[in-house]
Number of protein chains: 2
Amino acid sequence: MTERVVVVGADAAGMSAASQALRTAKRTGRSLDVVAVDRGHWTSYSACGIPYWVAGDVGGPHELVARTPEEHRANGIDVRLLTEATNLDLDAGWVEVADHAAGRRERLGFDQLVLATGAAPIRPDVPGADATGVFGVQTLDDGGTVIRYLARDVRRAVVVGAGYIGLEMAEALVRRGLDVTVVDRAAEPMTTLDPDLGRQVHDAMEGMGIEVVTDADVEKIETDGDGVVRAVVTDHGTFAADVVVLGTGVRPATELARAAGLPLGPTGGLRVDDGMRVADGDRVLDGVWAAGDCVETWDRVRRDWVHVPLGTHANKQGRVLGTNLGGGSERFPGIVGTALTKVCDLEVARTGLTEGEARTAGMDIVAVTTESTTRSGYFPGTQPITVKVVAGRPDGRLLGVQIVGRDGSAKRIDTCALALWNEMTAAELAMTDLAYAPPFSPVWDPVQIAARRAADRL
Amino acid sequence: MTERVVVVGADAAGMSAASQALRTAKRTGRSLDVVAVDRGHWTSYSACGIPYWVAGDVGGPHELVARTPEEHRANGIDVRLLTEATNLDLDAGWVEVADHAAGRRERLGFDQLVLATGAAPIRPDVPGADATGVFGVQTLDDGGTVIRYLARDVRRAVVVGAGYIGLEMAEALVRRGLDVTVVDRAAEPMTTLDPDLGRQVHDAMEGMGIEVVTDADVEKIETDGDGVVRAVVTDHGTFAADVVVLGTGVRPATELARAAGLPLGPTGGLRVDDGMRVADGDRVLDGVWAAGDCVETWDRVRRDWVHVPLGTHANKQGRVLGTNLGGGSERFPGIVGTALTKVCDLEVARTGLTEGEARTAGMDIVAVTTESTTRSGYFPGTQPITVKVVAGRPDGRLLGVQIVGRDGSAKRIDTCALALWNEMTAAELAMTDLAYAPPFSPVWDPVQIAARRAADRL
């Protein structure tokens, strides 16, 4: 018997799931008929690459596409673009879709449903937030829209929100020659870091000519008579703007799921088990799957469900989903909160908890910040690196690491992520066998120097 | 009561031990009187930096010294240079030392003895191996001797042995303008890698203008009438040489320990427990300690004792030794066989076992080699990276990883080292939360791509 699979959302999670399901089904002898719908123009793309497209590092949207609709179709997936899922009946087993190109609606019956509907930018709840010239940047289509708008006579940009996407877009806009102001309500940019490290990000942004306005709440977005953005008004001043980019976070795009009565967590994300089956507590919904930016994910350090919309999780979850849907067996083991970015010439990374997050959670911790170098101190091209380690008392278990530094710094966070993953103590990490050679590291790696100091302090 | 501590060898292990012992003793309330002797001119230096000194990247030997004799003396350590330990009586509790500057001998009584005598280059057992112009490069004094010799009319160099130090010295000599030939008895250079990856090193060396002669056994070193080197004769040809550098490995420098009847393992290294006490099986010798290149170290992957003379282990072992000697408690947890280097513009790293090593040990394994990129494929400056993963059947436990690639490749070995450290499987590593952003990695990190393929093959 052939099972009908409908995948809603054709980006990383959905298409990884579809591809892996077919691959697994071939091995297990199942027969699957897979339809994937997406309201946009693209499949399997790197949304993380949009700022580099805006900056001109990447030539066009096609370069950001890992696998085209044609390639997916050649693999046997019926990909339908500009096709939006508008209604879902779980009992009857159909999704209603609107084909915007053809201007018609139809019902797609399914035996297995994959929800990979992603996330949507949060718009600040202020007047003017929907004005012309105010953009969230989440999909490749969003990227194209912004780039077309920038071809106008656009000279002053305001970025609202100084998180990953906000800072990456701010840098991209500066590199396009715009005057850029970033406003954020926190004391320092990049609140995924503690403020002492956020300060370094602040300085790097100013060093690149970005105006940084902190502790500022946006009150409204001013428009001209045509409803086109003119300025961003905050409680710390008004900033003229020809274009506004929102970096104020995203929320799970789960309207369809919510309307169908599927279980959502406090973050608004779909609840899933570790096989990526939609699940209400221990009650697993048969034949309903979800992955990517629309789901909640288990955080192994927090020991709680979180919403962390990152491409790396979407790809892995999609693969796990596809394996299981195809009749194999694989589990998604959760995350530890790893993320990194480049802000100007500063590399910025974190994993686990910040000092602030741990203290807010009432944990008894030590936090140690150390300055070191990326290579042996005497080696040409050695660069400064700051590592902050958070460890719990009294056992010394690592709870989080933050890294800010120049070239060669940030990918060291992976070492820390694996230490957290394996529930190591700071003292244990300090004694592990990390690689040393003068062009790559001091004899004690910077993360080990920091871990050792934390262990000594415990 | 003040305890007298004699440290033999004033480089990384010995001086880390001495410093940490005093630091710990201050905390535990012990009283230590520490004398450190070394036959050379230097303390606490980076021998790994010698090739960069030869190449001119580093101005002089002082830049390679992490802590000078004066700094150690200011910390209360009686450092005596040009002072060689010549005899040891454990029962009587003294070391006889020859002060080469003053031309006198004396006996230093001890309550606690620290052996940190390091390693010595292995000279090939062929005629002419001791000729003028043939150098091992192990100590900072060796480095100075080579550099003074290179100031002569020296144009053609032969490096015997294509391991880490051999290749680093070959590159340094090329950069000084010499014609360089590297001869090695193996099929490819860098036998710490499997030959398929060694081939990339071979190509990089030739790309830099180094003549590479493999499968070649050295038969003799020819000299002129004054006993000065003239050529290296191998079974694959004779290579003219004004200078010869030996990269044929080192052996533990344990003559003093051997003469005193201390326990040595099959590698010739001192046997120690995980507190860095010299130990004959379970019998720990009271008050006799050792660390660094003169000891055997527990390999957590091989589950066997090995001799791995690296500065990173020496520093850590010295610290552990010092903590315990000073009345604290710390253990050295062993190694997993991590090492890396830069060969021309190629980064080269390994941890655990190679495919060859695992097969020689009779293990049932899969070995998978994957090509990937250091950054997202579309990101400017992305570089090729080759990752080879070795995993055991049937459990899939990771046994080793090798990495060869361009800028940004090799330090990824740390992630793999921690995976080995924690006895993870290839499938587990593939699903961990490693950092992704386009300037730093594809969405699946190259080590995860390789681990996943290995897991799929199992």
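It should be noted that the structure appears before, not after, this text.
Residues numbered from 1 in each chain as written. Chains lettered and ligands numbered in written order. Predicted model: local features only at pLDDT ≥ 70, side-chain atom pairs only at ≥ 80, totals over all residues. Heavy atoms only, no water.

Helix and strand counts for chain A stand at 12 helices and 26 strands. The C-alpha radius of gyration computed for chain A amounts to 23 Å, which stays within 12% of the reference 23 Å derived for 458 residues, consistent with globular compactness. Evaluated residue by residue, chain A yields a buried proportion of 61% over its 458 residues. Counting contacts in chain A only where the partners sit at least 6 residues apart, residues at least 24 apart contribute 62% of the total. As presented, chain A carries roughly 17300 Å² of accessible surface, and 45% of it is formed by carbon and sulfur atoms. One finds the centroid of the 47 positive side-chain charges in chain A at a distance of 3 Å from the centroid of its 64 negative side-chain charges. (Helix = DSSP H or I, 4+ residues; strand = E, 2+ residues; numbered from the N terminus. Rg over C-alpha atoms; globule rule 2.2 N^0.38 Å. Buried < 20%, exposed > 50% of the residue type's maximum accessible area, 1.4 Å probe, protein only. Contact = heavy atoms within 4.5 Å. Areas by Shrake-Rupley, 256 points an atom, 1.4 Å probe, with all protein chains shown as cover. Lys, Arg positive; Asp, Glu negative; His and termini not counted. Charge placed at Lys NZ, Arg CZ, Asp CG, Glu CD.)

Screw-axis analysis of chain B against chain A gives a translation of 0.0 Å along the axis, an RMSD of 0.0 Å, and a rotation angle of 180 degrees. Here the two chains are linked by the operation of a two-fold rotation axis. Residues of chain B ranked by C-alpha distance from the rotation axis are headed by B:Thr415, positioned 2.4 Å from it. Comparing interface residues between copies, 100% of those in chain B also sit at the interface in chain A, which points to an isologous, same-surface contact. (Least-squares fit on C-alpha atoms with pLDDT ≥ 70 in both.)

Attention now goes to the pairing of strand 5 (residues 94–99) of chain B. Residue and element names in this part refer to chain B. The element strand 5 is largely enclosed, with a buried count of 6 among its 6 residues. Burial of the side chains of strand 5 extends over both faces: Trp94, Glu96 and Ala98 are buried on one face and Val95, Val97 and Asp99 on the other. Sheet topology places strand 4 (residues 83–89) next to strand 5; 6 bridges connect them, and they run antiparallel. What sits directly across from Asp89, in strand 5, is Trp94. Hairpin geometry of strand 4 and strand 5 is characterised by an intervening segment of 4 residues between the two adjacent antiparallel strands and by a positive phi of about 80 degrees at Gly93. Note that strand 5 and strand 6 (residues 104–109) share 6 bridges and pair antiparallel. Opposite Glu96, over in strand 6, you have Arg107 as the bridge partner. The turn linking strand 5 back onto strand 6 is made up of 4 residues, and Gly103 within it adopts a positive phi angle of 70 degrees. (Pairing = 2+ DSSP bridges.)

Further remarks concern helix 6 (residues 195–207) of chain A. Think of an α-helix as turning once every 3.6 residues; residues three or four places apart then point the same way. All names here are of chain A. Over its 13 residues, helix 6 extends 18 Å from the first C-alpha to the last, a length consistent with the 18 Å expected when each residue adds 1.5 Å. Every buried residue of helix 6 is listed here: Leu197, Gly198, Val201, His202, Ala204 and Met205. Take helix 6 and look down its axis: the buried residues cluster within an arc of 165 degrees, on one side only. The first or second residue beyond helix 6 is Gly209, which carries a positive phi of 95 degrees. (Expected span 1.5 Å × (residues − 1). Arc of directions from axis to C-beta.)

The next subject is the packing of helix 1 (residues 12–28) of chain A against helix 8 (residues 311–325) of chain A. All names here are of chain A. Between helix 1 and helix 8, the least distance of the axes is 7 Å, while the angle of their chain directions is 30 degrees. Our pair here, helix 1 against helix 8, has a crossing hand that is right-handed. On helix 8, the residues touching Ala12, Ala13, Ser16, Ala17, Gln20, Ala21, Arg23 and Thr24 of helix 1 are Ala314, Asn315, Gly318, Arg319, Leu321, Gly322, Thr323 and Leu325. Considered class by class, the residues forming the contact of helix 1 with helix 8 number 7 nonpolar, 7 polar and 2 charged. (Axes fitted to C-alpha atoms, helices over the stretch in contact; angles between N-to-C directions. Left-handed = near helix turned anticlockwise from the far one by under 90°. Nonpolar A, V, L, I, M, F, W, Y, C, P; charged D, E, K, R; others polar.)

On the side of chain A, 62 residues touch chain B, which itself brings 61 residues to the contact. Taken together, the two surfaces of chain B and chain A that pack against each other cover about 5000 Å², and 67% of this comes from carbon and sulfur. Put simply, chain B and chain A have 4 salt bridges between them. Its salt-bridge partner being B:Asp445, residue A:Lys411 comes within 2.6 Å of it at the nearest N-O pair. (Buried area = accessible area lost by both parts, 1.4 Å probe. Salt bridge = Lys/Arg side-chain N within 4 Å of Asp/Glu carboxyl O.)

Bringing the sheet that holds strand 18 (residues 277–280) of chain B into the picture now. Residue and element names in this part refer to chain B. Within the open sheet, the 6 strands sit side by side as 3-2-1-7-19-18. Their pairing is mixed. Each of the sheet's edge strands pairs with one partner strand only, and the pair in question is strand 3 (77–80) and strand 18. Geometrically, the sheet is characterised by an average inter-axis angle of 30 degrees between neighbouring strands, direction not taken into account. Together, strand 1 (2–8), strand 2 (31–37), strand 3 and strand 7 (112–115) form the strand contacts of helix 1 (residues 12–28), whose direction differs from that of strand 2 by roughly 170 degrees.

All of the buried residues in helix 4 (residues 140–150) of chain B are B:Leu140, B:Gly143, B:Gly144, B:Val146, B:Ile147, B:Tyr149 and B:Leu150. Elements in contact with the buried residues of helix 4 of chain B: helix 2 (50–55), strand 9 (134–136), helix 5 (164–175) and strand 16 (243–246) of chain B.

All names here are of chain A. Tallying each qualifying case throughout the model produces 63 salt bridges over all chains. Between Arg319 and Glu330 there is a salt bridge, with its nearest N and O atoms 3.6 Å apart. With Arg319 in helix 8 and Glu330 in the loop between helix 8 and strand 22 (339–343), this residue pair connects regions lying 11 residues apart in the sequence. Note on Arg319: relative accessible area 8%, which makes it buried. For Glu330, a relative accessible area of 22% gives the class partly exposed.

A separate point is the state of the cysteines. Each disulfide consists of a covalent bond between the sulfur atoms of two cysteine residues. Taken as a whole and assessed by the stated rule, the structure comprises 0 disulfides over all chains. Between A:Cys294, a cysteine without a disulfide, and A:Cys48, which holds the nearest cysteine sulfur, the sulfur-to-sulfur distance is 16 Å. (Disulfide = S-S within 2.5 Å.)

Attention now goes to the packing of aromatic side chains. Going through the model one piece at a time under the given rule, you end up with 6 aromatic pairs over all chains. Pairing A:Phe135 with A:Tyr149 gives two aromatic rings, centres 5.0 Å apart and planes at 65 degrees, and the pair type is edge-to-face. Of this pair, A:Phe135 sits in strand 9 (residues 134–136) while A:Tyr149 sits in helix 4 (residues 140–150), and the two are 14 residues apart along the sequence. Of the two residues examined, A:Phe135 and A:Tyr149, each falls in the buried class. Note on A:Phe379 and B:Tyr52: the rings are 4.8 Å apart at their centroids and 85 degrees apart in plane angle, and the pair reads as edge-to-face. Of the two residues, A:Phe379 sits in the loop between strand 24 (365–373) and strand 25 (384–392) while B:Tyr52 sits in helix 2, which places them in two different chains. Directly above the aromatic system of B:Trp444 lies the positively charged group of B:Arg452, at a separation of 4.5 Å from the ring centroid. (Phe/Tyr/Trp six-rings, centres within 6.5 Å; stacked < 30°, edge-to-face > 60°. Lys NZ or Arg CZ within 6 Å of the ring centre and 35° of its normal.)

A few words now on the packing of helix 10 (residues 413–421) of chain A against helix 10 (residues 413–421) of chain B. Between helix 10 of chain A and helix 10 of chain B, the shortest axis-to-axis distance is 8 Å and the interhelical angle comes to 15 degrees. The pairing of helix 10 of chain A with helix 10 of chain B is recorded here as roughly parallel in orientation. The hand of the helix 10 of chain A/helix 10 of chain B crossing is right-handed. Across the interface between the two elements, A:Asp414, A:Thr415, A:Leu418 and A:Ala419 from helix 10 of chain A touch B:Asp414, B:Thr415, B:Leu418 and B:Ala419 from helix 10 of chain B. Class assignment for the residues of the contact of helix 10 of chain A with helix 10 of chain B results in 4 nonpolar, 2 polar and 2 charged. (Parallel < 35°, antiparallel > 145°, perpendicular 65-115°, else oblique.)

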